[in-house]
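Structural features, examined
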Amino acid sequence: MRRFLKDYFVLQAAEIKKFLRWKERLLWNLMGSVTFFIAFVFVWSAVFAEGFGGIGNLTRETFVVFILSGTLLWEVIGVNLGPVSHVFVREKYMRTSLYFFLSPASRTAFLLAKAGTSLMQILITNVFLISVALYFFDFEFKGSLLLAFLVFTLTFFCFYGLGVCIAALGAWREGIADFSWMFSNILSILSGVWYPVEIFPEPLRSVSKSLPTTQAIEMLRKIGIQGSGLQEILPELTFLGFLTFLFLLLGYLVFRAVEGRAMLIGI
Amino acid sequence: MAYAVEVFNVSKFYRRRSVGFVNGMKSLFFPELVPALNDVSFRVRRGEIFGLLGPNGAGKTTLLKIITGLLHPDKGRVCIFGEDVTKNFSKISGKINTVFARANLWWELTGKENLIVYGKLYGVRDLEEKVEKLLDLFGLKDKADTYTDLYSTGEIMRLSLAKAVINDPDLLVLDEPTIGLDPNITLMVREFLKDLNKNEKTTILLSTHYMEEADILCDRVAMIDGGRIIKIDSPENFKRMIKKQDIVEIRVKEFSSRLVEVLRSEEFVKSAYFLEEVGRLRVVIDDLRNLDRLIGKVKKFTEIENVLTALPTLEDVFIQFTGKNLKGGEV
């Protein structure tokens with residue numbers, strides 16, 4: 001355990017340094033999130049100004065929290081499906097992982113250090129996004145911040161596991177970039193990040209409701225808009241917890257299986 | 001334990017992938033297995049420099065990957081310091097280190113940061129001091145705080161070597177350590193390896209297709225071709241094997257491949273090939289008394305500028321055993 005922790009802290013510091021080599025990545029990511037948030041706030045304020053009555057949790061009083069919750073959680077999902085996958089494939093593609101795998105360092109520490117960097121990126125973007133929202137708009141987050149943080153954490157690890165799966169199975173950088181871009185775009189459309197899924201036709205709504213992304217976003221909206229507590233969101237939270245366990249386990253197993261396969265047929 | 005590395009009957013097959021949709025799908029489900037290594041066995045003694053000499057595609061890198069535990073063999077096994085590499089890699093990973101020609105250090109980190117990270121992962125004590133010493137030794141002090149993607153090929157190789165000795169390994173595995181390097185850096189690397197072996201008693205296992213590298217550095221050499229070990233011996237013993245023949249180098253005004261073909265067809269010529277880097281024909285003949293005949297044959301094609309007798313090299317030995325030179329061409 002001591003050895004694992006030591007490796008983790010060494011690799012975490014290295015990963016943060018590697019990330020900060022191109023600090024502008026953080027800026028573009030930040031700008032992307034803020035732009036989408038502000039754009040959709042303007043769109044929905046125009047819609048409400050024309051007399052629209054609202055759907056579900058999206059009302060004249062709550063639309064800022066509605067869009068903010070979606071954008072914050074989408075940051076957690078999007079970073080894991082896109083950049084995290086790219087980071088792993090780049091290590092394979094650039095053959096930088098070869099020396100690491102020949103060292104006595106822990107592979108699990110390697111995976112966790114990459115997760116830590118992704119978490120850092122998400123936290124910076126989301127803190128900035130919340131600051132922008134607080135400065136420019138009036139809104140009230142009704143529920144428990146601790147519960148919201150729990151939803152964030154579970155969603156993060158759930159999609160980190162999925163990101164590792166995609167990265168481990170992807171053989172080349174361009175293929176992964178195209179696939180994860182398309183996959184995350186489809187998910188963002190279907191999950192109601194910036195609009196309520198109730199606007200979808202019935203068959204598509206059923207698909208949307210069954211997605212873990214939609215469930216996580218709706219859970220956060222329930223907490224922020226309706227002030228729901230643990231009791232009210234327990235079924236969805238349990239399901240998300242189960243998916244987190246499943247995807248993390250799957251991510252780890254796929255990573256180790258691909259590592260084993262690489263040892264048989266070469267990287 | 002007298003042996004640092006023991007390779008027992010190792011075989012490895014690769015799947016050949018075909019291009020195009022139909023052939024690609026066919027090769028996915030019915031792969032053609034290509035032997036990369038075929039029943040390879042040898043032992044490397046503790047404290048020796050052991051070389052794998054062979055042309056590109058001979059199986060040297062695959063063999064080194066199997067020895068370092070990066071690839072698993074399809075048949076056979078490898079032991080390092082008595083431990084099975086496939087089963088007990090964690091027991092020996094701290095005692096070995098490597099340089100692979102096609103591997104990279106983390107290029108988003110500086111040279112110094114790379115050494116510090118690897119030093120910590122290998123659990124090196126007095127790391128700061130050691131890193132400074134290595135940067136100094138490899139002439140990288142000025143580049144210590146430069147990102148490694150801005151390094152030249154020679155600087156990357158020197159940094160990779162610094163990384164490879166950061167944990168004072170008992171076994172150092174090097175895959176083509178001087179490929180693509182300037183002559184002065186090549187010399188520096190070879191000197192360093194000799195000193196390391198002499199002073200620290202580090203066992204060094206290296207692959208190369210440069211015969212002079214194997215000749216200068218290695219205590220013993222395994223000649224490898226087509227995934228098989230052809231013969232293992234010391235460079236001196238290898239060269240003694242062809243001492244009975246005579247080697248002539250002829251500088252010609254114009255080179256023609258037809259001339260080489262004609263010479264090879266002569267019964268007194270054992271091998272003939274053109275040394276592009278020095279612009280000479282190198283011919284192994286059975287007896288120096290046939291020199292006049294040889295010169296007569298050459299003169300029919302081109303003017304001769306000078307004729308020298310030469311000492312045998314490992315390349316001559318390799319040609320004798322395989323019929324190929326170290327660039328893989330038929331001789």
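Residues numbered from 1 in each chain as written. Chains lettered and ligands numbered in written order. Predicted model: local features only at pLDDT ≥ 70, side-chain atom pairs only at ≥ 80, totals over all residues. Heavy atoms only, no water.

A closer look at the overall build of chain A
Quick note on the threshold: Every helix listed is a DSSP run of H or I at least four residues long, and every strand listed is a run of E at least two residues long, numbered separately from the N terminus. All radius of gyration figures rest on C-alpha atoms, and the globule criterion is 2.2 Å times the number of residues raised to 0.38. To sort residues, take the accessible area from a 1.4 Å probe on protein chains only and compare it with the maximum for the residue type: under 20% means buried, over 50% means exposed, and anything in between is partly exposed. Any two residues whose heavy atoms approach within 4.5 Å are treated as being in contact. Note on areas: Shrake-Rupley, 1.4 Å probe, and residue coverage restricted to the protein chains presented here.
A count of helices and strands for chain A gives eleven helices and zero strands. Going residue by residue from the N terminus, the α and β elements of chain A occur as α-α-α-α-α-α-α-α-α-α-α. Taken over C-alpha atoms, the radius of gyration comes to 20 Å for chain A, in line with the 18 Å a tight globule of 267 residues would show. On the principal axes, the C-alpha backbone points of chain A span a range of 65 × 35 × 35 Å. Burial analysis of chain A (267 residues in total) assigns 51% to the buried set. At a minimum sequence separation of 6, the contacts of chain A that also span at least 24 residues come to 79%. When the accessible area of chain A is evaluated, it comes to approximately 12,400 Å², of which 72% is carbon and sulfur surface.

Considering the overall build of chain B
A count of helical and extended segments in chain B gives twelve helices and 14 strands. For chain B, the spread of C-alpha atoms along the three principal axes comes to 65 × 50 × 45 Å. Per-residue burial for chain B yields a buried fraction of 53% across its 331 residues. Within chain B, residue pairs in contact and separated by at least 24 positions form 69% of the contacts whose partners lie at least 6 positions apart.

Things to note about the packing of helix H6 (residues 107–136) of chain A against helix H7 (residues 145–169) of chain A
Residues and elements named next belong to chain A. For clarity, the cut-off: To obtain an axis, a line is fitted to C-alpha atoms, over the contacting stretch when the element is a helix, and the angle between two such axes runs from 0 to 180 degrees between their N-to-C directions. Orientation labels follow simple angle bins: below 35 degrees gives roughly parallel, above 145 gives roughly antiparallel, 65 to 115 gives roughly perpendicular, and whatever is left gives oblique. Less than a right angle of anticlockwise turn of the near helix away from the far helix marks a crossing as left-handed, whereas a clockwise turn marks it as right-handed. Residues are grouped as follows: nonpolar covers Ala, Val, Leu, Ile, Met, Phe, Trp, Tyr, Cys and Pro; charged covers Asp, Glu, Lys and Arg; every other residue, Gly included, is treated as polar.
Here H6 crosses H7 at 130°, and the two axes come no closer than 11 Å. Considering the angle they form, H6 stands oblique to H7. Here the hand of the crossing between H6 and H7 comes out right-handed. The residues of H7 that touch H6, namely those facing Leu 111, Leu 112, Lys 114, Ala 115, Ser 118, Leu 119, Ile 122 and Asn 126, are Phe 152, Phe 156, Tyr 160 and Val 164. Within the contact of H6 with H7, the residues separate by chemical class into nine nonpolar, two polar and one charged.

Structural notes on the packing of aromatic side chains
Inclusion rule: Any Phe, Tyr or Trp ring, taking Trp's six-membered ring, that has another such ring centre within 6.5 Å forms a pair; planes under 30 degrees apart are called stacked, those over 60 apart edge-to-face, and the others tilted. Distance and angle both matter: a charge sits over a ring if NZ of Lys or CZ of Arg is within 6 Å of the ring centre and within 35 degrees of the ring normal.
Applying the stated criterion across every chain yields a total of 24 aromatic pairs over all chains. Between A:Phe48 and A:Phe52, the aromatic rings sit 5.5 Å apart at their centres with planes inclined by 45°, giving tilted as the arrangement. When its relative accessible area of 27% is taken as the criterion, A:Phe52 is described as partly exposed. Relative to B:Trp106, the ring of A:Phe100 has its centre 6.4 Å away and its plane inclined at 40°; by these criteria the two rings are tilted. Separated into two different chains, A:Phe100 in helix H5 (residues 97–102) and B:Trp106 in the loop between strand S6 (96–99) and helix H4 (111–121) make up a pair that spans both. Here A:Phe100 matches B:Trp106 in class, with each residue buried. Sitting over the ring of B:Tyr147, A:Arg21 keeps its end group 3.6 Å from the ring centre. Across from the ring centre of A:Tyr99, 3.8 Å away, lies the NZ or CZ of B:Lys163, which sits over that ring.

A word on the sheet that holds strand S12 (residues 269–275) of chain B
Residue and element names in this part refer to chain B. As a reminder of what qualifies: Here, strands pair whenever DSSP counts at least two bridges between them.
Taken in spatial order, the four strands line up as S12-S13-S11-S14 in an open sheet, and their pairing is antiparallel. Edge strands, defined here as strands with exactly one partner in the open sheet, are S12 and strand S14 (304–310). Each strand of the sheet is rotated relative to its neighbour by a mean of 20°, with strand direction disregarded. Pairing of S12 with strand S13 (residues 280–285), which is carried by six bridges, proceeds in the antiparallel orientation. By the bridge assignment, Ser 271 is partnered in S13 with Val 284.

A word on the pattern of salt bridges
Proximity of charged atoms lets side chains of opposite charge pair with each other. Residues and elements named next belong to chain B. Filter applied, for reference: The term salt bridge refers to a side-chain nitrogen of Lys or Arg lying within 4 Å of a carboxyl oxygen of Asp or Glu.
Counted by the stated rule, this structure contains 26 salt bridges over all chains. Residue Lys 112 pairs with Glu 132 through a salt bridge whose shortest N-O separation is 2.9 Å. Note that Lys 112 is positioned in helix H4 and Glu 132 in helix H5 (residues 127–137), a separation of 20 residues in sequence. Across the salt bridge formed by Glu 267 and Arg 293, the nearest N and O atoms sit 3.4 Å from each other. Placement of Glu 267 in the loop between helix H10 (257–264) and S12 and of Arg 293 in helix H11 (residues 291–299) is noted, with a sequence separation of 26 residues between them. Owing to a relative accessible area of 40%, Arg 293 belongs among the partly exposed residues under this scheme. By sharing partners, the salt bridges in this structure join Glu 249, Arg 280, Arg 282 and Asp 316 into a single network.

What about the domain arrangement of chain B?
For clarity, the threshold we go by: A domain assignment, automatic or from a database, supplies the domain bounds used here.
The domain architecture assigned to chain B consists of domain 1 (3–238) and domain 2 (244–311). The distance between the C-alpha centroids of domain 1 of chain B and domain 2 of chain B comes to 37 Å.

Description of the interface of chain A and chain B
What counts is decided by this rule: Here the buried area means the combined drop in accessible surface, using a 1.4 Å probe, for two parts upon being joined, counting both sides. Between N or O atoms, a polar contact is any pair within 3.5 Å; within protein, one atom must be a potential hydrogen donor and the other a potential acceptor, and residues adjacent in sequence are included only when both atoms are from side chains.
Contacts between the two partners involve 29 residues from chain A, matched on the other side by 33 residues from chain B. Between chain A and chain B, the buried area comes to about 3,100 Å², and carbon and sulfur atoms account for 62% of it. Contact with chain B buries surface across chain A, with A:Arg21, A:Tyr99 and A:Leu102 losing the most and accounting together for 26% of the total. Linking chain A to chain B there are two salt bridges. With a shortest N-O distance of 3.3 Å, A:Arg21 and B:Asp149 are connected by a salt bridge. In this structure, the connection of chain A to chain B is made through six residue pairs in polar contact (both at pLDDT 80 or more). Taken together, the elements giving at least two residues each to the side of chain A that touches chain B come down to helix H1 (2–20), helix H4 (83–93), H5 and helix H11 (230–265) of chain A. No other element matches H1(A), which puts eight residues into the side of chain A that touches chain B. Of the residues contributing to the side of chain A that touches chain B, the split by class is 16 nonpolar, three polar and ten charged.

Thoughts on the side chain of B:Thr208
Residues and elements named next belong to chain B. Mapped onto the fold, Thr 208 is located in strand S8 (residues 203–208). Given the relative accessible area of 1%, Thr 208 is considered buried. In this structure the side chain of Thr 208 is engaged in a polar contact, spanning 3.1 Å, whose partner is the side chain of Glu 213. For Thr 208, the contacting residues outside a window of four places in its chain are Leu 52, Leu 53, Gly 54, Lys 60, Glu 176, Glu 213 and Ala 214.

As for the pairing of S13(B)
All names here are of chain B. The buried fraction of S13 is high, at six of six residues. A two-sided burial pattern is seen for S13, the buried positions comprising Arg 280, Arg 282 and Val 284 on one face and Leu 281, Val 283 and Ile 285 on the other. In this sheet, S13 lies alongside strand S11 (residues 246–252) in antiparallel orientation, the contact comprising six bridges. Each residue of the ladder has a partner; that of Ile 247, found in S13, is Val 284. The loop that links S12 with its antiparallel partner S13 comprises four residues; one of these, Gly 279, has a positive phi angle of about 65°.

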